[in-house]
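Close look at the chain arrangement
Spelled out from the first residue to the last, the chains are:
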Amino acid sequence: MARIAHLSDVHFGAHDPAVVAGAEAWLAAERPDLVVISGDFTQRARTDQYREAGAFLDRIEAAGLATLGVPGNHDVPLYDVVQRFTRPLHRYRRYIDDDLCPWFESGNLAVLGINTARSLTFKDGRISHEQMAIIRERFRDVAKDKTKILVTHHPLFEMPIGESGEPSEAVGRQSEALRAVADAGVHILLAGHFHRSFTQSARRMVKNAGPALVIQAGTATSTRLRHGETQSFNLIETHKNRTVEVAVIGWDGAAFRPGSRASFAFDGENWESAASPSRHPGEGLDLEGTDRELRS
Ligand SMILES: [Fe+2]
Ligand SMILES: [Fe+2]
């Protein structure tokens, strides 16, 4: 069994320090095998915000935990046009990670991070042909019994967002990216960006998705919440028999505690939702949604 804490959209600069401390306390006590942070480390890519985000990562690592992160659209400077177009991820590489294709491998897991944030698009993500080649290459020789996971900030799919459930934009070059994901045999896709928890079999969303379970994280520590919503992250447990359990760990005002939970089993071609106390049996779990305004 392997346990992954999947945090996203921590947004230092628009964060709640008590929630940050709560997340660190939860991680230190639960000690997952890997802490994934799927982008938007900062609110505006400012140096002071990057320093705080870097210190957060340092404290997690000092507690003896492994981390893997990718940049989000908020990690590219928006208003500093010189930085934005000449050195868009200079501060990310300095304070977070110089490696924009981070890799983690253990006895049970093979995890690759890919940067989908771009200077030319304010919010929407994109995957390059070079990155698709990296996805195919990195997973090629991974032992069959390991769970292969791809981490991006932008989800590869259109997502139902907003109260009316209208679809979001898919990542740029979506169909080619999904072909690479299918060729690589990726089992799980982790992403954030919408500040909304969501888990579903990729095949239910698009035809050529390949054998992937799509898991979206909410915002772990940002204050950009609507009334009634809470900060959250996912605890993902993967098992050798290709079952996965996803628990949403939510902030209750004093601590992070387990909330809704869903189980999925992979039959070689599809992930099927196993019996679970999810509010939407058959579709995985779904916390309170956020709308287009909060998409970031
Ligand atoms: Fe974002
Ligand atoms: Fe965000």
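Residues numbered from 1 in each chain as written. Chains lettered and ligands numbered in written order. Predicted model: local features only at pLDDT ≥ 70, side-chain atom pairs only at ≥ 80, totals over all residues. Heavy atoms only, no water.

Attention shifts here to the packing of aromatic side chains. Evaluated as defined, the whole model comprises eight aromatic pairs. Between Trp-26 and Phe-233 the ring centres are 4.9 Å apart and the planes differ by 70 degrees, which places this aromatic pair in the edge-to-face class. Separated by 207 residues along the polypeptide, Trp-26 in helix α1 (residues 17–30) and Phe-233 in strand β12 (residues 232–238) bring together distant segments of the chain. Across the pair, Phe-233 and Trp-26 agree in class, each one buried. An angle of 10 degrees between the planes, with centres 6.3 Å apart, marks the rings of Tyr-50 and Tyr-95 as stacked. Of this pair, Tyr-50 sits in helix α2 (residues 47–62) while Tyr-95 is found in helix α4 (residues 90–95), placing the two residues 45 residues apart along the sequence. Within the aromatic cluster, the residues linked to one another by ring pairs are Trp-26, Phe-233, Trp-251 and Phe-256. One cation-aromatic arrangement involves Arg-138 over Trp-103; the distance from NZ or CZ to the ring centre is 4.4 Å. (Phe/Tyr/Trp six-rings, centres within 6.5 Å; stacked < 30°, edge-to-face > 60°. Helix = DSSP H or I, 4+ residues; strand = E, 2+ residues; numbered from the N terminus. Buried < 20%, exposed > 50% of the residue type's maximum accessible area, 1.4 Å probe, protein only. Lys NZ or Arg CZ within 6 Å of the ring centre and 35° of its normal.)

Right, let's get into the nonpolar core. The biggest cluster of nonpolar side chains holds 33 residues, and the ones touching the most others in it are Leu-7, Trp-26, Leu-27, Ile-37, Phe-41, Phe-56 and Phe-256. For this core, the secondary-structure elements that each account for two or more residues are β1 (2–7), α1, β2 (34–37), α2, α4, β12 and β13 (243–251). Non-local contacts of Ile-37, meaning those with residues more than four positions away in its chain, are made with Leu-7, Val-10, Phe-56, Leu-57, Leu-68, Gly-69 and Val-70. Phe-139, Met-159, Val-181 and Phe-194 belong to the second largest nonpolar core, which has 27 residues in total. (Core = buried A, V, L, I, M, F, W, Y, C linked by side-chain atoms within 4.5 Å. Contact = heavy atoms within 4.5 Å.)

This part takes up the confidence of the model for the protein. Across the protein, the average pLDDT comes to 87, with 88% of residues at 70 or higher. This stretch, residues 277–295, has a pLDDT under 50; its non-local contacts, to residues over four places away or in other chains, come to 57 contacts. (pLDDT = per-residue confidence, 0-100.)

All right, on to the sheet that holds β2 then. Pairing between sheet strands relies on hydrogen bonds along the backbone, with the strands arranged either parallel or antiparallel. Reading across from one edge, β3-β2-β1-β12-β13-β14-β15 is the order of the seven strands in this open sheet, with mixed pairing throughout. Here the strands that pair on one side only, and so sit at the sheet edges, are β3 (67–69) and β15 (271–273). The sheet shows a mean angle of 25 degrees between the axes of neighbouring strands, taken without regard to direction. Taken together, the three bridges between strand β14 (residues 256–266) and β15 define a ladder with antiparallel strand orientation. (Pairing = 2+ DSSP bridges. Axes fitted to C-alpha atoms, helices over the stretch in contact; angles between N-to-C directions.)

A few words on the environment of Trp-103. Counting through the fold element by element, Trp-103 comes out in strand β4 (residues 103–105). Separated by 34 residues in sequence, Trp-103 and Gly-69 place their C-alpha atoms 9.6 Å apart. Every residue in contact with Trp-103, bar those within four places of it in the chain, is listed here: Leu-68, Ala-110, Val-111, Leu-112, Arg-138, Phe-139 and Val-142. There is a polar contact of 3.2 Å between the side chain of Trp-103 and the side chain of Glu-105. (Polar contact = N/O pair within 3.5 Å; in protein donor to acceptor, adjacent residues only side chain to side chain.)

This next bit is on the sheet that holds strand β5 (residues 109–113). With mixed pairing, the six strands of this open sheet are ordered in space as β4-β5-β6-β9-β11-β10. The sheet terminates laterally at β4 and β10 (198–201), the two strands that pair on one side only. Neighbour-to-neighbour, the strand axes of this sheet turn through a mean angle of 15 degrees, independent of strand direction. Sheet analysis places β10 next to strand β11 (residues 213–216), joined by four bridges and oriented antiparallel. Paired with Ser-201 across the bridge in β11 is Leu-213. Relative to the sheet, helix α5 (residues 129–140) contacts β4, β5 and β6 (147–151), its axis offset from that of β5 by approximately 165 degrees.

What follows deals with the pairing of β2. Of the two faces of β2, the one carrying Leu-34 and Val-36 and the one carrying Val-35 and Ile-37 are both buried. Across four bridges, β1 lies against β2 in parallel orientation. Bridged to Ile-4 within β2 is Leu-34. For the segment spanning β1, α1 and β2, crossover handedness is right-handed. Pairing of β2 with β3, which is carried by three bridges, proceeds in the parallel orientation. Within β3, the position partnered with Ile-37 by the bridge is Gly-69. (Right-handed = clockwise from strand over helix to strand, strands pointing away.)

Right, let's talk about the pattern of salt bridges for a bit. Tallied over the full model, the rule gives 10 salt bridges. One salt bridge in this structure joins Asp-48 and Arg-46, with 3.2 Å as the shortest N-O distance. Close ionic contact of Glu-245 with Arg-261 constitutes a salt bridge, the shortest N to O distance being 2.7 Å. Remark: Arg-261 occurs in strand β14 and Glu-245 occurs in strand β13; sequence separation between them is 16 residues. The partly exposed category is assigned to Glu-245, whose relative accessible area is 23%. Here Arg-261 falls in the partly exposed class, since its relative accessible area comes to 32%. Linked through salt bridges whose partners overlap, the residues forming this network are Arg-3, Glu-30 and Glu-237. (Salt bridge = Lys/Arg side-chain N within 4 Å of Asp/Glu carboxyl O.)

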